[in-house]
Amino acid sequence: MSYVDEVLAKVKEKNASEPEFLQAVEEVLNSLRPVIDANEEKYRREALLERICEPERQFKFRVPWVDDKGQVQVNTGYRVQFNSAIGPYKGGLRLHPSVNIGIIKFLGFEQIFKNSLTGLPIGGGKGGSDFDPKGKSDREVMAFCQSFMTELCKYIGADTDVPAGDIGTGAREIGYMFGQYKRIRGLYEGVLTGKGLTYGGSLARTEATGYGLLYLTQELMKDHGESMEGKTVVVSGAGNVAIYAIQKAHQMGAKVVTCSDSTGWIYDPEGIDVDLLKEVKEVKRARLTEYAAARPSAEYHEGRGVWQIKCDIALPCATQNELLIDDAKQLVANGCKAVCEGANMPTTIDATEYLQENGVWFVGGKAANAGGVATSALEMSQNSERLSWTFEEVDAKLQTIMVNIYHNISNAAKRYGFEGNYVVGANIAGFEKVAEAMEAQGVC
Ligand code: GLU
């Protein structure tokens, strides 16, 4: 049995109740075969893959808080410190009812390779809670965030582990958490990223994941002799990633005609009105039915369905496993040329393979959505030097990072004879740096 197969079998046995984590590991290890097979004996002796698949440390804790009726509520908090070979643990905090240890482990595992691809010194981690901020008052969200940080603050720090936003954790939540960290630890330090601009946040961090996705997509198109101008784009999601992806796509001359939330989706042939979407989602925190009500050109549909709309480019920006095999078939039938992931693991493995087999240029989230965490690392740099850079400075660095990521993954794929397979390229390029650092640091 090959070393990759041995490790896959062990990981499956050990983590049988964590399907998302297994999916992420399977995708990465399978695509690393050309690298691993070439160094099989060495990596087996070093148990390199077993170590990469086992978090360095993980915390699970009780988060009690009092709701507006005076009732005590209890949630579960998590932080997985997956890999610190190339830098302090870095990764977001997801607040969503679907959160469990398997979800956090899948996200933390992805984060190792994504962070490596940015070229910046950040290790992989992830955390969160099954708390649902939807429908909660600001005071309830603050009560939860303070309780969550009261426990989390024992394990994090500007040089050890730097959490950030993710689904359900935005500027409001980061603010409450930062305040509580400072209060308990007595340290004014860059322990979180995605902070507000008045207390150490970076310009362009809010926009970074969506903008970065488009910078990479544009480079991909350019490499294939195409441009963004005049292209029809379908986007899923209506959160931070989707909103700024739509904005940047429009700035590049493309037209985004869809977006979605957990209950339904919008088809707007005139192009999504970003200001209205921001008002509905960021200010009112309302459903997309409000978007449709205010916009005559828009149709609202219940359920899921954005992938049935004819497009040149599809950008899944909602959540894991939202683009399934039948969606992939529909996209191919409609002539879609490129799929770039704004969310983490939104495309299932069979859907990914179908898209690739049918000539769609597919870039996975580890590369395509790395702009968010890359800009978090730029926020850490600014905090360390106690300076703030201009929007233009940060945005220019973000652009350079995304263009470099595209060429690095493209070249890594070519080097191993998988030209055009950006999934293989991203996993190999991300893995190489982490593996080298782990080997240099000995058995740890
Ligand atoms: N949650 C984002 C991600 O999935 C950003 C993490 C960060 O900025 O640390 O990469």
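Here's what I pulled together on the structure shown here. (Residues numbered from 1 in each chain as written. Predicted model: local features only at pLDDT ≥ 70, side-chain atom pairs only at ≥ 80, totals over all residues. Heavy atoms only, no water.)

## Examining the packing of helix H9 (residues 205-223) against helix H10 (residues 240-251)
Okay, step 1: Between H9 and H10, the shortest axis-to-axis distance is 7 Å and the interhelical angle comes to 50°. Between H9 and H10, the angle falls in the class oblique. Relative to H10, the crossing made by H9 is right-handed. Here H9 contributes Thr 206, Glu 207, Thr 209, Gly 210, Tyr 211, Leu 213, Leu 214 and Tyr 215 to the contact with H10, which in turn contributes Asn 240, Val 241, Tyr 244, Ala 245, Gln 247, Lys 248, Ala 249 and Gln 251.
Okay, step 2: Here the residues of the contact of H9 with H10 are counted per class, giving eight nonpolar, six polar and two charged. (Axes fitted to C-alpha atoms, helices over the stretch in contact; angles between N-to-C directions. Helix = DSSP H or I, 4+ residues; strand = E, 2+ residues; numbered from the N terminus. Parallel < 35°, antiparallel > 145°, perpendicular 65-115°, else oblique. Left-handed = near helix turned anticlockwise from the far one by under 90°. Contact = heavy atoms within 4.5 Å. Nonpolar A, V, L, I, M, F, W, Y, C, P; charged D, E, K, R; others polar.)

## Some remarks on the layout of surface pockets
Okay, step 1: The volume enclosed by the second largest pocket comes to roughly 420 Å³.
Okay, step 2: As for the second largest pocket, its lining consists of 20 residues, of which Ala 158, Gly 190, Met 380, Asn 383 and Ser 384 are closest to the centre.
Okay, step 3: The greatest single-element share of the lining of the second largest pocket, amounting to six residues, is contributed by helix H16 (residues 370-384).
Okay, step 4: The class makeup of the residues in the lining of the second largest pocket is 11 nonpolar, five polar and four charged. (1 Å grid on protein atoms, 1.4 Å probe; cavity = no way out; pocket = protein on both sides within 12 Å on 5 of 7 lines; lining within 4 Å. Points joined across faces, edges and corners; volume = space filled by probe spheres on them.)

## Some points on helix H2 (residues 19-31)
Okay, step 1: In this model H2 runs 18 Å from its N-terminal to its C-terminal C-alpha over 13 residues, within 8% of the 18 Å that 1.5 Å per residue would give.
Okay, step 2: Every buried residue of H2 is accounted for by Glu 20, Phe 21, Leu 22, Gln 23, Ala 24, Val 25, Val 28, Leu 29 and Ser 31. (Expected span 1.5 Å × (residues − 1). Buried < 20%, exposed > 50% of the residue type's maximum accessible area, 1.4 Å probe, protein only.)

## With respect to the side chain of Arg 172
Okay, step 1: Positionally, Arg 172 belongs in helix H8 (residues 171-185).
Okay, step 2: Looking at Arg 172, the relative accessible area reads 15%, which means it is buried.
Okay, step 3: A distance of 3.0 Å separates a polar atom in the side chain of Arg 172 from a polar atom in the side chain of Glu 173. (Polar contact = N/O pair within 3.5 Å; in protein donor to acceptor, adjacent residues only side chain to side chain.)

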